[in-house]
Amino acid sequence: MTAARPLVVIPTYDEAENVRTILDVVLQAVPTANVLVVDDGSPDGTGDLVATIAAQDERVHLLRRTGKLGLGTAYVAGFRWGLERGFDLLVEMDADGSHPADRLPALIAAVVDADPADDVQLAIGSRWTPGGSVVDWPRHREFLSRGGNAYARVVLGLDVRDITAGFRVYRAEAIARMDLDAVDSKGYCFQVDMTLRVHDLGGRIVEVPIRFRDRVHGVSKMSQAIVVEAMLRTTLWGVQRRLRLQRS
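Below, the structure is looked at part by part. Quantities reported herein were computed from a predicted structural model and do not represent experimental measurements. (Residues numbered from 1 in each chain as written. Predicted model: local features only at pLDDT ≥ 70, side-chain atom pairs only at ≥ 80, totals over all residues. Heavy atoms only, no water.)

1. Digging into the overall build of the chain
For step 1, the next point in the chain: When helices and strands are counted, the chain shows eight helices and nine strands.
For step 2, the next point in the chain: In terms of C-alpha radius of gyration, the chain reaches 17 Å, essentially the compact-globule figure of 18 Å for 248 residues.
For step 3, the next point in the chain: Split into buried and exposed, the 248 residues of the chain put 49% on the buried side.
For step 4, the next point in the chain: Partitioning the contacts of the chain with sequence separation of at least 6, the portion at a separation of at least 24 is 79%.
For step 5, the next point in the chain: Total accessible area computed for the chain in this model is approximately 11,800 Å², and 52% of it derives from carbon and sulfur atoms. (Helix = DSSP H or I, 4+ residues; strand = E, 2+ residues; numbered from the N terminus. Rg over C-alpha atoms; globule rule 2.2 N^0.38 Å. Buried < 20%, exposed > 50% of the residue type's maximum accessible area, 1.4 Å probe, protein only. Contact = heavy atoms within 4.5 Å. Areas by Shrake-Rupley, 256 points an atom, 1.4 Å probe, with all protein chains shown as cover.)

Written as structure tokens, this is what we have:
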């Protein structure tokens, strides 16, 4: 794997039970990485725990925010932090252990070791590409995820099987070319939004199979409002894209 400077951005809200473990496994998988935890004022002391770890390991950093401002804005804040400090790769990863850290090297390699002619700008850790899987999911949740991804793929016209996945590696140059001020998706449709932006910039998107495992500790942040936001925004983006094609 070609040398690169990856920054792994991990948003947190009440993840004190998980955050030490995720920092350990990420840095074991990619010792050259830095990790930025973006904490939204967790009442359970997640931010204070990360601050203690960061004082002992220069690869760990903490960005504190004053309240629960949403997943999308946390990643945008982390991306800006990484761009200001010259990191080559910007990585999205959850704090709850559902994203397998041992697949990080493969995700990074899919971007940095690709043929330059392929212009790979984004690698997605995919549950629904051949070789990907989920563990211990109820049928209704798998149906919701598969169905939502199929709907987004058709409506948006993108050949991406897991467009809602939150385990991904971007080339920093792709993020730098985006108008981050215009990114206002606060829930999981942030992933759809960012995938569209990479595609519209002309970058290639690849999917790397992963085995996704549900969290063991803590409470999922998924809610009905997040699902509704994703469906509405995806539909709107699809209509807007079709109208632009008709006018061109």
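2. What to know about the packing of aromatic side chains
For step 1, the next point in the chain: Tallied over the full model, the rule gives seven aromatic pairs.
For step 2, the next point in the chain: Centre to centre, the rings of tyrosine 75 and phenylalanine 190 are 5.7 Å apart; their planes meet at 10°, and the pair counts as stacked. Here the residue tyrosine 75 occupies a position in helix H3 (residues 71–84), and phenylalanine 190 occupies one in helix H7 (residues 189–200), the gap between them amounting to 115 residues.
For step 3, the next point in the chain: The class of phenylalanine 190 is buried, set by a relative accessible area of 0%.
For step 4, the next point in the chain: Above the ring of phenylalanine 87, the side-chain terminus of arginine 5 is found at 4.2 Å from the ring centroid.
For step 5, the next point in the chain: If you follow arginine 127 out to its NZ or CZ, it ends over the ring of phenylalanine 212, 5.4 Å from the centre. (Phe/Tyr/Trp six-rings, centres within 6.5 Å; stacked < 30°, edge-to-face > 60°. Lys NZ or Arg CZ within 6 Å of the ring centre and 35° of its normal.)

3. A short note on the pattern of salt bridges
For step 1, the next point in the chain: Under the definition given, this model contains ten salt bridges.
For step 2, the next point in the chain: The partner of arginine 204 in a salt bridge is aspartate 118, and the shortest N-O contact between them spans 3.6 Å. A residue pair is termed long-range when its members are at least 10 positions apart, and arginine 204 in strand S8 (residues 204–209) and aspartate 118 in the loop between helix H4 (104–112) and strand S5 (120–126) qualify at 86 residues. (Salt bridge = Lys/Arg side-chain N within 4 Å of Asp/Glu carboxyl O.)

4. Thoughts on unusual backbone geometry
For step 1, the next point in the chain: Although it is not a glycine, aspartate 119 sits at a positive phi angle of roughly 55°.
For step 2, the next point in the chain: Classification of aspartate 119 by relative accessible area gives partly exposed; the value is 32%.
For step 3, the next point in the chain: Residues other than glycine seldom take positive phi values, yet aspartate 136 does so here, at roughly 60°.
For step 4, the next point in the chain: Take aspartate 136: it is sitting in the loop between strand S6 (133–135) and helix H5 (139–156).
For step 5, the next point in the chain: Using a relative accessible area of 64% as the deciding quantity, one classes aspartate 136 as exposed.

5. Regarding the nonpolar core
General note: in soluble globular proteins, nonpolar side chains tend to be found buried as a group.
For step 1, the next point in the chain: Among the nonpolar cores identified, the biggest contains 37 residues, and Val8, Leu23, Val26, Val35, Met93 and Leu104 are the most heavily contacted of them.
For step 2, the next point in the chain: When residues no more than four places from it in sequence are discounted, the contact partners of valine 26 are Val8, Val35, Met93, Ala101 and Leu104.
For step 3, the next point in the chain: Val38, Ala152, Ile163 and Met194 belong to the second largest nonpolar core, which has 36 residues in total. (Core = buried A, V, L, I, M, F, W, Y, C linked by side-chain atoms within 4.5 Å.)

6. Here we look at the sheet that holds strand S2 (residues 34–39)
For step 1, the next point in the chain: Ordered in space as S3-S2-S1-S4-S7-S5-S8, the seven strands form an open sheet in which the pairing is mixed. Of all the strands in the sheet, the pair left with one neighbour each is strand S3 (60–64) and S8. Each strand of the sheet is rotated relative to its neighbour by a mean of 20°, with strand direction disregarded.
For step 2, the next point in the chain: Direction of pairing for strand S1 (residues 6–12) relative to strand S4 (residues 89–92): parallel, over a ladder of four bridges. Considered in S4, the bridge of proline 6 is made with leucine 89. (Pairing = 2+ DSSP bridges. Axes fitted to C-alpha atoms, helices over the stretch in contact; angles between N-to-C directions.)

7. Points about helix H2 (residues 46–54)
In an α-helix there are 3.6 residues to a turn, and that puts residues three or four apart on one side.
For step 1, the next point in the chain: Residues of H2 that are buried: Thr46, Gly47, Val50 and Ile53. Along the axis of H2, the buried positions cluster into a sector of 120°, meaning they face one direction only.
For step 2, the next point in the chain: Turning to H2, the residues buried within the fold contact S1, helix H1 (19–29), S2 and S3. (Arc of directions from axis to C-beta.)

8. Notes on the side chain of asparagine 149
For step 1, the next point in the chain: Turning to its location among the elements, asparagine 149 is positioned in helix H5.
For step 2, the next point in the chain: Those residues in contact with asparagine 149 that lie beyond four places of it in its chain are Arg127, Trp128, Arg161, Asp162, Ile163 and Thr164.

9. A short note on the pairing of S2
For step 1, the next point in the chain: Across the six residues that make up S2, a large majority, six, are buried.
For step 2, the next point in the chain: Because side chains alternate across S2, one face comprises the buried residues Asn34, Leu36 and Val38, and the other comprises Val35, Val37 and Asp39, equally buried.
For step 3, the next point in the chain: As paired elements, S1 and S2 share six bridges and run parallel to each other. Across the sheet, leucine 7 pairs through a bridge with asparagine 34, a residue of S2.
For step 4, the next point in the chain: As defined by bridge partners, S2 adjoins S3 across five bridges and the pair is classed as parallel.

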